[in-house]
Every structure is written in structure tokens, then in C-alpha cells.
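# Structural characterization, general
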Amino acid sequence: MKDKLKKAGHIAKDFIKKFAKGTKHYFKHNALFITFVLTAFIEACMLRFFTVKNFTAISPLFSDFAVVLFVGSFAYFFKQKNRYKYLMTWSIIFTLVCLINSAYYSNYVSFTSFSLLATSLQIFGVGDALNTIIEIKDFSYILGPVILTLVHLKLKNTSYYDNIKTKKKARTTFLKALLISAISLGFFMSTVTGTDISRLYKQWNREYVVMKFGVYVYQANDLIASLKPQISPLFGYDKAAKQFREYYEEYPSEKSDNEYTNKYKGKNVIVIHAESIQNFLLDTEINGKPLTPNLKKLSEEGLYFSNFYAQESVGTSSDSEFTFNTSLLPASNGTVFVSYWDRDYLSIPKLLKQQDYYTFSMHANKGNFWNREVMHKQLGYDKFYNYTVDYTINDEDIIGLGLNDKSFFKQSTEKIKKINEEHKNWYGVLLMLTNHTPFTGVEDTTDIDLTYKYTKVNEETGETEEVINDYLKDTTLGNYFTTAHYADEALGEFVNELDEAGLLDNTILVIYGDHDAKIKRSEYNRYYNYDPETDSKLDSDDPNYKEFTKYDYELNRSVPFIIWTKDNQEKKEIKEVMGMYDVLPTLGNMLGIYSPYALGHDIFSIENNFVVFPNGNWITDKMYYDSQSDEGILLDDKAVISADYIDSYTTRAEKEVEVSNDIIVHDLIKKTKESNDVLKENKNG
Ligand code: GP9
Ligand code: MN
């Protein structure tokens with residue numbers, strides 16, 4: 001017995017020795033490959049650490065590991081001396097994936113997409129300084145290729161590269177790596193559910209996909225999804241058309257009949273697309289003075305929808321224009337204005353043209369920005385007045401991307417006067433521009449003082465002294481306050497000019513914030529927890545500290561929506577939750593127009609409204625639900641929420657995002673109209 005134990009002990013010892021030797025040998029002869037795998041793997045973990053914060057979750061670990069191992073293993077198909085080049089190429093690719101996603105996430109709280117390549121000129125043309133896009137932490141990913149280079153240089157001075165493996169040996173090493181990759185994949189697959197697969201397929205729940213599948217699978221899948229717009233109109237039409245029919249059978253867009261029906265039929269309409277204006281600005285006071293007094297006044301004198309959300313995606317301004325006009329959601333990949341401009345959409349201008357309205361849009365940026373020149377025609381505007389051709393540009397009037405709002409409004413008033421003389425009824429949208437990232441350029445023309453002033457007793461002298469802290473200086477939030485104040489002044493001047501020209505007498509004024517200003521949560525946290533005594537943020541364990549949570553942030557993204565008339569006849573705050581896609585049904589009902597394809601609702605006819613965001617998150621008066629992380633918060637303390645409540649809205653949210661995307665990709669409004677016409681013709685003929 002003793003002997004047997006001794007023998008077993010020897011065998012175990014031998015095995016461990018051999019294993020250690022084998023491992024050492026493996027490491028020695030595959031140092032480059034191992035460095036590549038480890039650095040690319042760690043980069044993926046770091047990305048999740050800096051973004052979605054689930055860097056210890058098991059499934060993305062296996063997934064990331066399997067991917068880098070799989071990709072790296074093909075290095076063994078190359079000659080020893082070329083392996084470095086192969087691994088370096090992939091190391092750079094993986095690093096770029098992590099770096100770009102990390103920077104994108106800091107700015108947009110989402111992950112980037114290849115579909116943005118088509119729109120990248122627009123995205124990077126919007127005046128963001130590079131230093132606001134990339135942060136120091138983003139450079140840490142570069143360590144991957146740097147370490148790989150250092151290891152390569154070190155190995156160059158050894159016999160590593162002389163030690164040429166035979167083809168057979170290389171193939172064995174390749175197969176071993178592939179086997180480990182397959183085992184890792186197997187572990188990963190055992191954690192995957194049907195919902196995960198479906199979310200991967202749909203790809204719009206981006207955070208979730210990264211949290212579950214890791215960043216490399218996400219990006220590879222995104223590449224496929226981004227190519228789909230070119231290919232998918234060719235496939236899946238029948239399924240999309242079927243789902244489209246079923247959706248409208250289940251949730252028909254009905255004509256509403258309420259106290260507002262036709263209330264403003266035949267009135268002229270001025271719509272103001274208020275760039276980056278958020279609701280909280282209306283209640284912000286700086287040193288006791290309202291930051292946006294004109295907007296505040298208009299909101300108090302008209303119908304003010306105070307719980308209103310934009311539903312934009314990567315197409316920002318253009319997405320909001322699209323949703324406002326059509327009551328559809330933005331595209332799941334790419335943007336409608338750039339990638340799907342050639343489809344048929346039923347829009348407010350088109351519907352008003354049936355009532356003989358002259359419809360126009362005005363904007364002081366170049367006409368081709370967001371492909372507006374093309375898309376505005378497609379949306380049914382008779383004319384698009386733009387910076388390139390219709391406005392007089394003095395150099396001193398240029399701020400950011402184009403003409404400043406004050407000059408823009410002044411020149412536009414003259415044009416509207418003319419339009420009013422020539423047309424009985426008209427509908428015009430004016431897109432503002434100055435309050436746009438990076439929120440600079442107005443410092444000399446606006447009189448806002450953002451310093452924090454207070455008095456305190458000097459402990460040494462015993463005298464009272466005034467303290468002035470310039471605490472918002474050089475912060476994006478401070479800059480935003482400044483340009484928002486300027487935009488508000490411009491708006492106030494515009495309303496006065498319109499009034500003086502008699503243009504408000506038969507007109508309704510509609511104002512909407514097109515989306516939030518995309519300012520980082522950390523800035524709000526500092527602002528709302530500012531301690532003037534120390535001139536910095538309160539300590540998080542201070543009893544007065546109140547974290548500005550991710551939900552506070554989401555809810556704070558709400559933008560104003562106002563319908564105002566000069567007679568102030570309709571003064572009311574509507575607190576029910578509402579989205580950009582509810583505009584067509586709500587405003588349309590007042591103007592006597594209606595779209596059978598609207599996904600939104602008339603807020604005056606619906607009882608429990610529901611708003612879905614393009615990433616699948618949703619909000620009701622009772623709760624905000626984050627379908628990225630499958631959790632939410634109650635907005636009404638008294639509400640009792642069941643699992644069914646959440647499930648049914650989550651399913652509905654998915655259906656809305658999908659049907660909207662199908663309409664866009666497969667041009668279903670046109671196609672079904674065509675098939676309806678054919679049916680009608682057949683019936684008649
Ligand atoms: C560009 C302006 C701003 O013309 O509408 O666009 P955004 O960057 O907000 O999408
Ligand atoms: Mn915008």
C-alpha cells in the first residue's frame with residue numbers, strides 16, 4: 001500500500017514537472033502569440049471596466065478570450081518571421097475597437113457602429129474639439145501594441161526567430177490554440193439564452209450585447225448589421241410586410257376626437273427646432289435670475305408638455321426632425337437622412353400640402369449637412385432655405401457651423417413676411433444652431449454671469465466679505481448655459497420681430513428641444529453637489545451629497561415641447577409622459593391632419609402613454625425601464641408594477657423599434673400603398 005502511494009506520488013510529481021517544463025517551453029517558444037492574446041484580452045476587459053462596468057462577468061470573458069485566441073491562432077499559418085506582422089495588425093485593430101468604443105461611450109453612453117462611417121463626416125463636422133472626445137484613459141489601450149513591439153524587439157536579440165518550427169509543429173500549435181478557443185467558446189455558449197441570441201441578431205440593444213458577448217463579437221456583429229441596409233431590402237420583405245400588417249392590426253393608429261380636434265385648422269404654423277435645449281434649463285436660475293426667461297414665459301403662456309422626450313439615435317438633429325415629422329422612430333442602423341432618404345414617408349408637410357399649405361424649412365448651416373437638401377424635399381417641404389444660398393453671411397455673424405441664431409432669425413423674419421404675402425396658409429420649420437456642442441462663440445455677445453456669489457464672515461478679520469467662485473468656467477455645462485442663454489435671447493427677439501410684423505396673429509408657434517446636450521453625468525454630479533466653501537464637489541459621504549444617478553441623467557434628458565398662440569388662450573402644463581413621435585398625432589389633430597402609420601399617440605386621447613427609445617429603453621408615467629441592463633425605476637411611489645407590466649411593455653418596445661425599422665428599410669409605406677392601390681384597382685376593374 002505504502003509502495004503504491006509512493007508510486008502514485010512519483011507519477012504526480014513527474015506529471016507536474018513535465019507540465020511545468022512543457023508550459024515553460026510553450027511560453028518560451030510562443031511568447032509573441034501569448035503576449036498578443038493577453039494584451040488583446042485585457043484591453044477588452046478594460047473597455048468593459050471603463051464603460052458598462054461588468055468586467056468580471058463570466059460570459060464576456062470567455063467570449064473575448066475565444067475570439068482573440070481564434071484570431072491569434074492563424075498566426076501559425078505564417079512563417080515565423082511574418083507572425084509578428086500578422087499579430088501586430090490584429091493588435092492594432094483590437095486596440096482601435098477598444099479605444100474608439102471607449103471614447104464613444106464617454107461621449108454618447110453607447111457603443112459605436114460601422115453604420116456611422118456613412119455619417120461620420122457629419123458627426124465629426126459638428127465642432128467637437130478632439131480633447132473633449134478622447135480622454136487620457138483611452139490611451140491606455142495603446143499599451144497592447146506597445147508591449148507587443150517591446151516583446152518583439154526583445155525576442156529579436158535572442159534565437160527566438162531562428163528557431164524555425166516545422167510546418168507540422170506549427171500546425172499542432174495552431175490546433176492546440178484552436179482547441180482552447182473552442183473550449184472557451186463552449187463555456188460561453190452554455191451561458192447564452194434565446195433572448196441573448198435575439199438581441200445579438202437585432203443589435204440595437206448595444207450595451208447589452210457588449211455586456212454579454214464582449215466587445216469583439218459586438219463589433220464583428222455590428223459590421224454585419226451595418227452591411228445589412230445595403231443587402232436587407234433584398235431579403236426579408238415578406239416577413240417585414242407581415243409583421244407590419246400585424247402590428248397595425250394590434251395597435252391601429254386611430255384618428256382622435258377631442259377638445260383639440262381641428263382647433264388650429266387653417267392657422268399658419270412656425271415650428272422652432274431648438275438645438276440641444278433641455279427642459280431643466282427652464283427651471284434653472286443663475287444668481288436668482290432665470291437662465292432662459294423667454295422659453296420659460298412661452299411655456300407658461302401656452303400648452304407646455306413638461307415630460308417630453310426626444311427619441312433620437314445617432315442621427316441626432318436629423319433623427320428628431322424625422323420623428324417629429326413622421327411619428328416613426330429613427331433607423332436601427334445608420335440614419336434615415338443619409339442612408340434611407342429615398343423611401344416614402346408620410347410627414348406633416350405632406351399632409352398639410354393636401355390642405356394647400358405652402359411648406360418650408362430654414363436653417364443657417366450648409367444645405368448638404370445631414371443630407372437635408374435632399375431629405376427635406378423628400379419630407380415634403382416646398383423649399384429649404386439654407387445658409388449656402390439664401391442667407392447673407394457676414395464673417396462676424398458666424399458661430400460654430402454657420403450663422404448665429406440672432407442673425408438667422410432676423411433674416412428669416414424677412415423671408416416669412418414675403419411668404420405670408422404670397423401664400424394664404426403656410427407651415428415653416430426653423431432649425432436653430434448656435435446652442436450646439438462645443439457651446440462656445442457667444443461669450444462676447446451675451447451678458448450672463450455664471451459665477452457663484454455669496455457672502456461670508458472672514459474668521460480672522462471678523463468682517464463680511466463677498467466670495468466669487470467662477471465654478472462653471474471652462475466646463476461644458478457652463479458653456480452650455482451660456483449658449484442656451486444666448487439662444488433664448490435670440491428666441492425672445494424673434495417672437496418680438498414676428499409680432500411687430502403682424503405674423504403672430506393667425507399663427508401657432510411650436511417649439512421643441514431636438515435632443516439633450518450630451519453632457520457627461522460627472523458634470524451634473526459636480527453641479528448639483530457643488531460646495532462653495534471648498535469650491536469643489538461635496539464628498540460622497542457628506543450627508544448633503546446626492547448622487548446624480550444614471551436614471552436622474554436619463555430623466556433629465558427630457559426636452560421642452562410647447563404649443564403657443566399670441567392670445568394665450570390655452571395655458572396648461574401637460575405632465576403625462578410624451579415622446580417626439582407623439583407630435584404628429586397630437587399637433588396633427590389640432591391642425592386637422594392624420595397619419596395611419598403613426599407610432600405615437602395624441603396625448604389628449606390616450607390614457608396611459610408609453611414612449612420607447614431607439615435602444616429599446618422605455619418610459620411610462622409609472623416607470624423608466626432600462627432594457628440594456630434589464631432593470632428600471634419607479635416614477636410613481638404609489639404604483640404597483642408587476643412582472644407582466646414590464647414584460648408587455650418590453651415586448652411592445654421591441655415591436656415598435658422593429659416595425660419602424662422595417663418601414664424604413666423596406667419602404668413599406670410606399671410598397672403597401674402600391675399593393676393597396678393594386679387591390680383597389682382590381683376590385684374596381
Ligand atoms: C446641423 C445641426 C446640428 O445642421 O442641425 O446637428 P446635430 O449635431 O445636433 O445633429
Ligand atoms: Mn441637434
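Scoring rules and cut-offs
Residues numbered from 1 in each chain as written. Chains lettered and ligands numbered in written order. Predicted model: local features only at pLDDT ≥ 70, side-chain atom pairs only at ≥ 80, totals over all residues. Heavy atoms only, no water. Pairing = 2+ DSSP bridges. Helix = DSSP H or I, 4+ residues; strand = E, 2+ residues; numbered from the N terminus. Right-handed = clockwise from strand over helix to strand, strands pointing away. Donors = N, O, S within 2.8 Å, 3.2 Å for Na, K, Ca; no water. Tetrahedral: all angles 85-135°; square planar, octahedral: opposite > 155°, others 65-115°. Buried < 20%, exposed > 50% of the residue type's maximum accessible area, 1.4 Å probe, protein only. Near = heavy atom within 4 Å. Polar contact = N/O pair within 3.5 Å; in protein donor to acceptor, adjacent residues only side chain to side chain. Areas by Shrake-Rupley, 256 points an atom, 1.4 Å probe, with all protein chains shown as cover. Nonpolar A, V, L, I, M, F, W, Y, C, P; charged D, E, K, R; others polar. Domains from an automatic or database assignment. Axes fitted to C-alpha atoms, helices over the stretch in contact; angles between N-to-C directions. Parallel < 35°, antiparallel > 145°, perpendicular 65-115°, else oblique. Contact = heavy atoms within 4.5 Å. Salt bridge = Lys/Arg side-chain N within 4 Å of Asp/Glu carboxyl O. Phe/Tyr/Trp six-rings, centres within 6.5 Å; stacked < 30°, edge-to-face > 60°. Patch = residues over 30% accessible without salt bridge, like charges linked within 9 Å, V, L, I, M, F, W, Y side chains within 5 Å.

### A short note on the pairing of strand 7 (residues 383-386)
In this structure, strand 6 (residues 358-363) lies alongside strand 7, joined through four bridges in parallel fashion. The residue of strand 7 that forms the bridge with serine 361 is phenylalanine 384. In this fold, the crossover linking strand 6 to strand 7 by way of helix 16 (residues 372-379) has right-handed handedness.

### A look at the coordination of the manganese ion (ligand 2)
Around the manganese ion (ligand 2), the protein contributes the donor atoms Glu275 (OE), Glu275 (OE), Ser317 (OG), Asp514 (OD) and His515 (NE2), at 2.1 to 2.5 Å from the metal centre. Around the manganese ion (ligand 2) sit six donor atoms, and with donor-metal-donor angles ranging over 54 to 167° the site reads as irregular. Here the donor residues of the manganese ion (ligand 2) share one chain and are spaced in sequence as E-x41-S-x196-D-H. Here glutamate 275 is found in the loop between strand 1 (268-274) and strand 2 (285-286), whereas its partner histidine 515 is found in the loop between strand 13 (507-513) and helix 20 (521-528), with 240 residues between them in sequence. By relative accessible area, histidine 515 is classed as buried at 5%.

### So, the site of ligand 1
Taken together, 12 residues sit near ligand 1, with Thr316, Ser317, His363, Arg372 and His436 positioned nearest. A distance of 2.8 Å separates an oxygen atom of ligand 1 from a polar side-chain atom of serine 317. Contact distances for ligand 1 include 2.6 Å between an oxygen atom and a side-chain N or O atom of histidine 363. For ligand 1, whose free accessible area comes to 300 Å², the fraction covered by protein is 96%. When the residues that make up the shell around ligand 1 are grouped by side-chain class, the tally is four nonpolar, six polar and two charged.

### Here's the deal with the domain arrangement of the chain
Taken domain by domain, the chain holds domain 1 (9-226) and domain 2 (256-610). Each of domain 1 and domain 2 has a C-alpha centre, and the two are 43 Å apart.

### So, the packing of helix 1 (residues 2-29) against helix 2 (residues 31-50)
Where helix 1 contacts helix 2, the two axes come as close as 5 Å, and the packing angle between them is 85°. The orientation of helix 1 with respect to helix 2, classified from their angle, is roughly perpendicular. Contacts from Tyr26, Phe27, Lys28 and His29 of helix 1 reach helix 2 at Ala31, Phe33 and Ile34. Tallied by class, the residues present in the contact of helix 1 with helix 2 amount to five nonpolar, one polar and one charged.

### Describing the side chain of asparagine 325
In this structure, asparagine 325 sits in helix 13 (residues 316-326). A distance of 3.2 Å separates the side chain of asparagine 325 from the side chain of tyrosine 381, its partner in a polar contact. For asparagine 325, the residues in contact, after removing those within four places along its chain, are Leu346, Ser347, Ile348, Pro349, Leu379, Tyr381, Tyr427 and Leu584.

### Brief notes about the pattern of salt bridges
For the coordinates displayed, the defined rule picks out 34 salt bridges. Across the pair lysine 518 and glutamate 312 runs a salt bridge, and its minimum N-O distance is 2.3 Å. Residue lysine 518 is found in the loop between strand 13 and helix 20, and its partner glutamate 312 is found in the loop between strand 5 (308-309) and helix 13; the two are separated by 206 residues along the sequence. With a relative accessible area of 23%, lysine 518 lands in the partly exposed category. Glutamate 312 sits in the buried class, given a relative accessible area of 8%. Here glutamate 422 makes a salt bridge to lysine 418, at a shortest N to O gap of 3.9 Å. Residue glutamate 422 and its partner lysine 418 are both found in helix 18 (residues 405-422); the two are separated by four residues, about one turn of the helix. Like lysine 418, glutamate 422 is exposed. Within the structure, one salt-bridge network assembled from shared partners comprises Glu312, Asp516, Lys518, Glu554 and Arg557.

### Quick notes on the pairing of strand 6
Looking along a regular strand, one sees side chains alternate from face to face of the sheet. Within strand 6, six of the six residues are buried, leaving the element largely enclosed by the surrounding structure. Neither face of strand 6 is open: one carries Tyr358, Phe360 and Met362, the other Thr359, Ser361 and His363, and all of them are buried. In terms of strand pairing, strand 6 meets strand 10 (residues 426-431) through six bridges, oriented parallel. Considered in strand 10, the bridge of serine 361 is made with valine 429.

### Some words on the packing of aromatic side chains
Inspection of the entire model under this criterion finds 57 aromatic pairs. Taking 4.2 Å as the distance between ring centres and 35° as the angle between the ring planes, the aromatic pair formed by tyrosine 471 and tyrosine 530 counts as tilted. With tyrosine 471 in the loop between strand 12 (464-469) and helix 19 (476-500) and tyrosine 530 in strand 14 (residues 530-531), this residue pair connects regions lying 59 residues apart in the sequence. Given a relative accessible area of 10%, tyrosine 471 falls into the buried group. Under the relative-accessibility criterion, tyrosine 530 is labelled buried at 11%.

### Quick look at the sheet that holds strand 13
An order of 7-6-10-1-13-16-4-17 is seen for the eight strands of this open sheet, with the pairing classed as mixed. Here the strands that pair on one side only, and so sit at the sheet edges, are strand 7 and strand 17 (572-574). Taking the axes of each pair of neighbouring strands and ignoring which way they run, one obtains an average angle of 15° across the sheet. Packed on one face of the sheet, helix 12 (residues 293-301) meets strand 4 (303-305), strand 13 and strand 16 (561-565) and runs near 70° to strand 16. Of the strands in this sheet, strand 1, strand 10, strand 13 and strand 16 are in contact with helix 13, which crosses strand 13 at around 135°.

### A short note on a nonpolar patch on the surface
A cluster of nonpolar residues, Phe114, Leu223, Ile224, Leu227, Ile231, Leu234 and Phe235, forms a patch on the protein surface that exposes about 690 Å² of accessible area. Along the chain, the position of leucine 223 falls in helix 10 (residues 206-231). On the accessibility criterion, leucine 223 (38% relative accessible area) is partly exposed.

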